[in-house]
Amino acid sequence: MDKPYLGQSCLEQGYLARYLAQQILPEIGKIGQDKLMASKVLVVGCGGLAASALTYLTAAGVGELTLIDDDVVELGNLNRQILFTEADVGQNKAESAKLRLSQQNQHVKINAITQKFNLANGLSLVNCHDLVLDCSDAYSSKLAINYCCSLTRKPWVYASVLGWDGQAALLTLHNRHAPCYKCWQESAPHGLRNCEANGVLGAAVSTVGSHQAGLALQYLLGYLHNANCLWVFDLWAMEQKKFQLSKRHNCKFHSDKLENLPFCSYEELRLWDEYILLDIRSGDEWDIGHLPQARHVSPGILMEVEKYYKTTQNLVIYCNQNTLSQLVVENLRNLGYRAFVLDGGYQAYAHLAVRKLD
Amino acid sequence: MQIYFHGFGATRILSGYMLEIDPLTSIAGIRKKLMQSIEAQEKYASVYDILSTTVFATEQQVFSDEQLIVSDTTLHLLPPVCGG
Ligand SMILES: [Zn+2]
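Throughout, a residue's number is its position along its own chain's written sequence, starting from 1. Numbering of ligands from 1 and lettering of chains from A proceed in the order in which they are written. Owing to the predicted nature of the model, reporting of local features is limited to residues with pLDDT of at least 70; listing and counting of side-chain atom pairs is limited to 80 or more, with chain, interface and lining totals taken over all residues. For side-chain calculations, the full set of non-hydrogen atoms in the structure is used, while hydrogens and water are omitted.

> Account for the overall build of chain A, naming residues and giving values.
Comment: elements are numbered from the N terminus, with helices defined as DSSP H or I runs of at least four residues and strands as E runs of at least two. Regarding its fold elements, chain A presents 15 helices and 15 strands. As defined in this context, the radius of gyration uses C-alpha atoms, and a globule is described by 2.2 Å times the residue total to the power 0.38. In summary, chain A has a C-alpha radius of gyration of 22 Å against a globular reference of 21 Å for 358 residues, a match within 12%. Relative accessibility thresholds used throughout: buried, under 20% of the residue-type maximum; exposed, over 50%; partly exposed, between the two (1.4 Å probe, protein chains only). When burial is assessed residue by residue, chain A has 56% of its 358 residues classed as buried. Throughout, a contact is declared for two residues whenever any of their heavy atoms are within 4.5 Å. Sequence-distant contacts, at least 24 apart, represent 67% of the contacts inside chain A between residues at least 6 apart. Computed by Shrake-Rupley with a 1.4 Å probe, the accessible areas treat only the displayed protein chains as cover when residues are assessed. Carbon and sulfur atoms form 51% of the exposed surface of chain A, whose accessible area is close to 15800 Å². In chain A, which carries 32 positive and 35 negative side-chain charges, the distance between the mean positions of the two groups comes to 3 Å. The positive count covers Lys and Arg only, the negative count covers Asp and Glu only, and His and the chain ends enter neither. Charge positions come from single atoms, namely NZ of Lys, CZ of Arg, CG of Asp or CD of Glu.

> How would you summarise the packing of aromatic side chains if you had to cite specific residues and measurements?
Residue and element names in this part refer to chain A. To pair, rings of Phe, Tyr and Trp, with the six-membered ring standing in for Trp, must have centres within 6.5 Å; the planes then decide the type, stacked if under 30 degrees apart, edge-to-face if over 60, and tilted in the middle. Under the counting rule described, the total for this entry stands at 14 aromatic pairs over all chains. For the ring pair Tyr 158 and Trp 184, a centre distance of 5.4 Å and an interplane angle of 75° mean the geometry is edge-to-face. Remark: Trp 184 occurs in helix H8 (residues 181-184) and Tyr 158 occurs in strand S5 (residues 156-162); sequence separation between them is 26 residues. Under the relative-accessibility criterion, Tyr 158 is labelled buried at 0%. Taken together, Tyr 139, Trp 156, Tyr 158, Tyr 181 and Trp 184 form an aromatic cluster joined through their ring pairs. Sitting over the face of the ring of Tyr 346, Arg 281 holds its NZ or CZ atom 3.8 Å from the ring centroid. Here, a charge over a ring is recorded when the distance from Lys NZ or Arg CZ to the ring centre is within 6 Å and its angle to the ring normal is within 35 degrees.

> So what's going on with the pairing of S5 of chain A? Which residues, and what values?
Residue and element names in this part refer to chain A. Counting buried residues along S5, 7 of its 7 residues qualify, which places the element largely inside the surrounding structure. Burial along S5 is two-sided: Trp 156, Tyr 158, Ser 160 and Leu 162 and Val 157, Ala 159 and Val 161, pointing in opposite directions, are all buried. Should DSSP find at least two bridges between two strands, the strands are taken to pair. Of the pairings in the sheet, the one linking strand S4 (residues 131-134) to S5 comprises 2 bridges and is parallel in character. Residue pairing for S5: Val 132 is matched across the bridge by Trp 156. When the strands point away from the viewer and the path from the first strand over the helix to the second turns clockwise, the crossover is right-handed. Regarding the hand of the β-α-β motif, the stretch spanning S4, helix H7 (residues 139-152) and S5 is right-handed. Summarising the sheet, S5 and strand S6 (residues 165-171) pair through 7 bridges and their orientation is antiparallel. Pairing of Val 161 across the sheet is with Gly 166, part of S6.

> How would you summarise the packing of helix H6 (residues 119-127) of chain A against H7 of chain A if you had to cite specific residues and measurements?
Residues and elements named next belong to chain A. The geometry of H6 relative to H7 is characterised by a closest axis approach of 9 Å and an angle of 45° between their N-to-C directions. The angle between H6 and H7 places the two elements in the oblique class. For the pair H6 and H7, the sense of crossing is right-handed. Side by side, H6 and H7 meet where Leu 119, Gly 122, Leu 123, Val 126 and Asn 127 of the first sit next to Ala 144, Tyr 147, Cys 148, Cys 149, Leu 151 and Thr 152 of the second. Its residues assigned to classes, the contact of H6 with H7 shows 8 nonpolar, 3 polar and no charged. Between N-to-C directions, angles span 0 to 180 degrees; the directions come from axes that are lines fitted to C-alpha atoms, helices contributing only their stretch in contact. Roughly parallel means an angle under 35 degrees; roughly antiparallel means over 145; roughly perpendicular covers 65 to 115; every other angle is labelled oblique. It is the rotation of the near helix from the far one that decides the hand of a crossing: anticlockwise by less than a right angle makes it left-handed, clockwise makes it right-handed. Note that Gly is not counted as nonpolar here; it falls among the polar residues with everything else outside the nonpolar set of Ala, Val, Leu, Ile, Met, Phe, Trp, Tyr, Cys and Pro and the charged set of Asp, Glu, Lys and Arg.

> Account for the side chain of Ser 160 of chain A, naming residues and giving values.
Relative to the helices and strands, Ser 160 of chain A is located in strand S5. Judged by relative accessible area, Ser 160 of chain A falls into the buried class, the value being 0%. A polar contact of 3.4 Å, which involves the side chain of Ser 160 of chain A, links it to the side chain of Tyr 158 of chain A. N or O atoms within 3.5 Å of each other form a polar contact, as long as, within protein, one can give a hydrogen and the other can take it, and as long as residues adjacent in sequence are counted only when both atoms are side-chain atoms. For Ser 160 of chain A, the side chain forms a polar contact with the main-chain oxygen of Val 81 of chain B, separated by 3.0 Å. Beyond its immediate stretch of four places on either side in the chain, Ser 160 of chain A contacts Leu 49, Lys 142, Asp 165, Gly 166, Gln 167 and Val 208 of chain A together with Val 81, Cys 82 and Gly 83 of chain B.

> Describe the environment of Ile 21 of chain B, listing the residues and the values that go with them.
Residues and elements named next belong to chain B. Structurally, Ile 21 is set in the loop between strand S2 (18-20) and strand S3 (25-26). Ile 21 gets classed as buried once you look at its relative accessible area, which sits at 4%. Along the primary structure Ile 21 and Lys 33 are separated by 12 residues, whereas in three dimensions their C-alpha atoms are 8.2 Å apart. When neighbours within four sequence positions are excluded, Ile 21 is seen to be in contact with Met 1, Ile 3, Ile 30 and Lys 33.

> Explain the domain arrangement of chain A residue by residue, including any values.
As annotated, the domain borders come from an automatic or database domain assignment. What the domain assignment reports for chain A is domain 1 (39-244) and domain 2 (256-352). Taking the mean C-alpha position of each, domain 1 of chain A and domain 2 of chain A sit 32 Å from one another.

> Lay out the environment of Tyr 275 of chain A with the relevant residues and their values.
Residues and elements named next belong to chain A. Its location among the elements puts Tyr 275 in the loop between helix H11 (266-269) and strand S10 (276-279). Separated by 41 residues in sequence, Tyr 275 and Val 316 have C-alpha atoms that sit 6.9 Å apart. What Tyr 275 contacts, discounting residues up to four positions off in sequence, is Leu 269, Gln 293, Asn 314 and Val 316.

Shown next as structure tokens:
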């Protein structure tokens, strides 16, 4: 992001007047406003939740917002998706939202991606943002966000609505002790539990979306006192309640060693005729030291795996301690690849590493 | 022990429902007993299936299926929601 927002230039460009009402809050101030202006947020889904959440993030001056949605506006969306008008019917939601939000605050950089968020495009997108907002309307999308954020260790703000009800939670997955979505929502909801099938009240969506924006702004400002709690809203009963979430010991996103995944040792590899050893740690870690014969790839290997590897090849994956590699291997296996986890990860074989200084 | 239920959203109809259950029963066990208890009652037909994926919580904490309940308490029912 360009930085015309910081320092004296803020005053020059009228930023102070624009954000004064929030900047005089002791929890924000000039430092907090600069933090917001330097932040990048990815928003998955541009329906009802996003209408409220995006409106407040844009108004608050979050520096860059990336909107991703492949859906088009329908007349039946307008009871809750209040960013759109009748003139937007038939238009892509991300593009229409971008147009509207750009008119709201010209100083926020807004990107629109007219695709469905999935594992293929999600990893690299999540990786280049500070925070992800889940404004999606499907369990599969929430799982994809959870997966990408687990892999890249990025925080996300979950939210869902249905009928008169909603939920929201800030999940700080950059902290390895934090719970993920699967820690409490283990299985897919029974039957069709979406707005089209069960109905939804616009005011309920707006309440939850605003709450989601509040959680996002708190995180971007550096406040974590509401992290890893599930907020539950019931607009029919006019109730709101907060429950603490905790990491589930047998959640596969955190377990030390997943069941049913093939592990192999570095010694065993020497007995194999053919294999490809893939290092999915960061570029900096790779530069400092890596295992002999390894190739460096990003965890986003899943995005284009078919371009580079065949399902008949033995792909052996390692990260530092097996956390990310297990998730990648599990997913590669689901895609039909012969993938293996290098047992113990890089740390188990660091003494064999090719080092920069060697 | 006596377990009272308070239902949010689609499980709201179960608010005030009470079950007598043995101490040290897990959340999975309580879920099963609750489903058995309402199965034959037509007024709860709409909520029966939803209970299989509903999250249970005490006054302050979301619980997993293995968590044991040791004494009288109120359990909140948080049905899954997926709309956006
Ligand atoms: Zn988890």
